[in-house]
Amino acid sequence: MTARMVLEAKGIVKHFGHITALDGTDFELRASEILGIIGDNGAGKSTLIKTLSGAVVPDRGEIFVDGERVHFRAPSDARRAGIETLYQELAVAPALSIVENLFLGRELRRSGFLGNVLRMLDRRRMLAESTAYMQELGIGVRSMKQAVETLSGGQRQGVAVARSAAFARHVVIMDEPTAALGVKEGNLVLDLIRRVRDRGLSVVLISHNMPHVFEVADRIHVARLGRRVALLDPKRVSMSDAVAVMTGALNPGQLPA
Amino acid sequence: MRARLLGTLGPLLALIAACLFFATRSDRFLTADNLSIVLQQVMVVGVIAIGQTLVILTAGVDLSCGSVMALGGIVMTKLAVEHQLPVPLAIAAGVAATTSFGAINGLLVTRLRLPPFIVTLGTLNIAFAITQLYSNAQTITDVPAGLTTLGNAFQVGGSSVVYGALLMLALYAVAAFALSQTAAGRHVYAVGNNPEGARLTGIATQRVLLGVYMLAGVCYGLAALLSVARTGVGDPNAGQAENLEAITAVVVGGTSLFGGRGLVLSSLVGALIVGVFRNGLTLMGVSSVYQMLVTGVLVILAVATDQFSRRVAERGEK
């Protein structure tokens, strides 16, 4: 296995007061893969994710992007390194249109005087680019100009996923992207995650929904007590064995490698 | 979509209906002279309402707008009259004073994270007190002609239009362009709509908020200039009615007090609705107490419409 690593972490330690959230965990993410992260509450999933997205600065350990050592002090550092994070709370402005949400914070301006001096937006180009992009991702909406609040929960999440995928150069981290969605809507988002990977991005998927993780993940990172206890292949390991590893009932050494 | 359209067009239809109603009640209402008077009466509140719209779009509110405007008017007139400062410098100083108050509001809201309602309730009183102290509670008269130029009128087709009204319309055009056609304008909406989401997408929400309060201060300064031009004096008690009238105009126009929804041009419509009702009822000989009654009903109607359309939107109408 010589797949290229886009994001790697070694021996990450993080204490909050006298609580050890991360106890020397490792992490690796290959190019164009979906890595599922599972773990019980308190296993250190969210602290790990926050470390990788720059929201938490680790006490010890090293992080590498494309083999280069990085030091993230803020989410904007991770973003600059090509890592986008989709947070559980939907990062969309419901009253704004789909186009406006897709380009929020990175709007395109017109060229020349209109753009440079009057700072006028290039609405036509933003509309064309987002229409093409949403089609590519297979998110069907009636009109790109409709307000996000008029969409269903799944479509809204679709816009949020599309937004982060559009601006990520390497990695999209998704924290519970299918939570609070119905079955059909959840599947829509899972399809979308596959398409994001097929475009060449790597996806980190944190979810409590075991069937969802097993359905889309290429590999599964099992977190337990602040460490990574196993990296599983969902095609060779059953869901119940994965849960057993997660809860400590099964020693990962007993599983097929 | 229909609810949103109602929110935008409703006030405009109400304005047209009000005009038609008053036209049937008074022969004088639809005359060019009278309409120019309405415009002249509306221009001060209209310009304050631009700043107020910006603040309300961020889910804030600025109770201090009228008091800050009064301070700006006193600074301008006092510097020009008592210190013989050239008019442009006096105006600049007045606008600088109101912008500073905007900055104070903005800093208290962003740095200390205090609710805008409380912050501006405080600065309302502070600005009022400073205005009284600085002017010794005296009206400043013998204002140089340069400060009242905007109150002069020019003739168009036999009726007179005040320059100040043109300034108001120009400011609305600039604000409408900036809010709808620039990234900064869209960020104002995003911050009002979902502050946490806006922050996560990388928008500098604190800078947006501070900028909004400061620009509102600039609007109050320009409104002060219009107020001085209209009345011909620096009045330390100006702006007390405008504190709430500007909010009324914005709300009647249909901009949501919950932030993130509305148009600045709607606030012009809102200001005109209030102005037309005042003017029309006066022409009909109705006492000013009833005018207040009507204004109150309009505000409640407008907020009720806003709530209704929000609820429809949240239900995710198809």
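Residues numbered from 1 in each chain as written. Chains lettered and ligands numbered in written order. Predicted model: local features only at pLDDT ≥ 70, side-chain atom pairs only at ≥ 80, totals over all residues.

### Section: the interface of chain B and chain A
Accessible area lost on assembly of the parts is the figure often given for the size of an interface.
Stage number 1. At the junction of the two partners, chain B supplies 21 residues and chain A supplies 21 residues.
Stage number 2. When contributions to the side of chain B that touches chain A are tallied by element, the ones reaching two or more residues are helix H8 (183-193), helix H9 (195-200) and helix H13 (288-314) of chain B.
Stage number 3. With five residues, the single largest contributor to the side of chain B that touches chain A is H8(B).
Stage number 4. Along the lines of polarity and charge, the residues of the side of chain B that touches chain A split into seven nonpolar, nine polar and five charged. (Contact = placed C-beta atoms within 7 Å. Helix = DSSP H or I, 4+ residues; strand = E, 2+ residues; numbered from the N terminus. Nonpolar A, V, L, I, M, F, W, Y, C, P; charged D, E, K, R; others polar.)

### Regarding the nonpolar core
Stage number 1. A:Leu205, B:Val47, B:Ile48 and B:Ile273 are the most contacted members of the largest nonpolar core, which has 171 residues in total.
Stage number 2. The leading source of residues in this core is helix H10 (residues 205-231) of chain B, at 16 residues.
Stage number 3. Setting aside residues no more than four positions away along its own chain, B:Ile48 makes contact with B:Cys65, B:Gly66, B:Met69, B:Cys219, B:Tyr220, B:Ala223, B:Glu242 and B:Ala246. (Core = buried A, V, L, I, M, F, W, Y, C linked by C-beta atoms within 7 Å. Buried ≥ 20, exposed ≤ 12 C-beta atoms within 10 Å, placed from the backbone.)

### Structural notes on the confidence of the model for chain B
Stage number 1. Put simply, chain B has an average pLDDT of 91, and 96% of its residues get 70 or more.
Stage number 2. The ipTM for the predicted assembly is 0.77, set against a pTM of 0.85. (pLDDT = per-residue confidence, 0-100.)

### Let's talk about the packing of helix H3 (residues 65-81) of chain B against helix H11 (residues 242-253) of chain B
All names here are of chain B.
Stage number 1. The N-to-C vectors of H3 and H11 enclose an angle of 125 degrees; their axes lie 6 Å apart at closest approach. It follows from the interaxial angle that H3 and H11 lie oblique. Two secondary-structure elements touch here, H3 through Cys-65, Gly-66, Ser-67 and Met-69 and H11 through Glu-242, Asn-243 and Ala-246.
Stage number 2. Taken together, the residues of the contact of H3 with H11 break down into three nonpolar, three polar and one charged. (Axes fitted to C-alpha atoms, helices over the stretch in contact; angles between N-to-C directions. Parallel < 35°, antiparallel > 145°, perpendicular 65-115°, else oblique.)

### Concerning the packing of H3(B) against helix H5 (residues 116-135) of chain B
Residue and element names in this part refer to chain B.
Stage number 1. Where H3 contacts H5, the two axes come as close as 8 Å, and the packing angle between them is 25 degrees. In terms of axis orientation, H3 runs roughly parallel to H5. Along this stretch, H3 crosses H5, giving a crossing that reads as left-handed. Packed against H3, whose contacting residues are Ser-67, Val-68, Ala-70, Leu-71, Ile-74 and Lys-78, the element H5 presents Leu-124, Ala-127, Phe-128, Ile-130, Thr-131, Tyr-134 and Ser-135 at the interface.
Stage number 2. Looking at the contact of H3 with H5 residue by residue, the class counts come to nine nonpolar, three polar and one charged. (Left-handed = near helix turned anticlockwise from the far one by under 90°.)

### Thoughts on the environment of B:Ala92
Stage number 1. Relative to the helices and strands, B:Ala92 is located in helix H4 (residues 87-110).
Stage number 2. For the pair formed by B:Ala92 and B:Gly72, sequence separation is 20 residues and the distance between their alpha carbons is 9.6 Å.

### Topic: the sheet that holds strand S4 (residues 60-65) of chain A
All names here are of chain A.
Stage number 1. What the four strands build is an open sheet, ordered S2-S1-S4-S5; its pairing is antiparallel. Both edges of this open sheet fall to strand S2 (19-30) and strand S5 (68-70), since each of them pairs with a single strand only. The mean inter-strand angle of the sheet, taken between neighbouring strand axes irrespective of direction, is 25 degrees.
Stage number 2. For S4 and S5, the ladder comprises three bridges, and the chain directions are antiparallel. Residue Val-65 lies in a different strand from S5, and its bridge partner there is Glu-68. (Pairing = 2+ DSSP bridges.)

### Regarding helix H5 (residues 123-137) of chain A
Residue and element names in this part refer to chain A.
Stage number 1. Across its 15 residues, H5 extends 21 Å between first and last C-alpha, which sits within 8% of the 21 Å expected from 1.5 Å per residue.
Stage number 2. What H5 keeps buried is the set Met-126, Ser-130, Met-134 and Leu-137. Down the axis of H5, the buried side of the element spans an arc of 60 degrees, and every buried residue falls inside it. Facing away from the buried side of H5 by more than 90 degrees, the exposed set consists of Arg-124, Ala-132, Gln-135 and Glu-136.
Stage number 3. Those residues of H5 hidden inside the fold are in contact with helix H3 (98-102), helix H6 (153-167) and helix H7 (183-198).
Stage number 4. Backbone geometry just after H5 places Gly-138 at a positive phi near 75 degrees. (Expected span 1.5 Å × (residues − 1). Arc of directions from axis to C-beta.)

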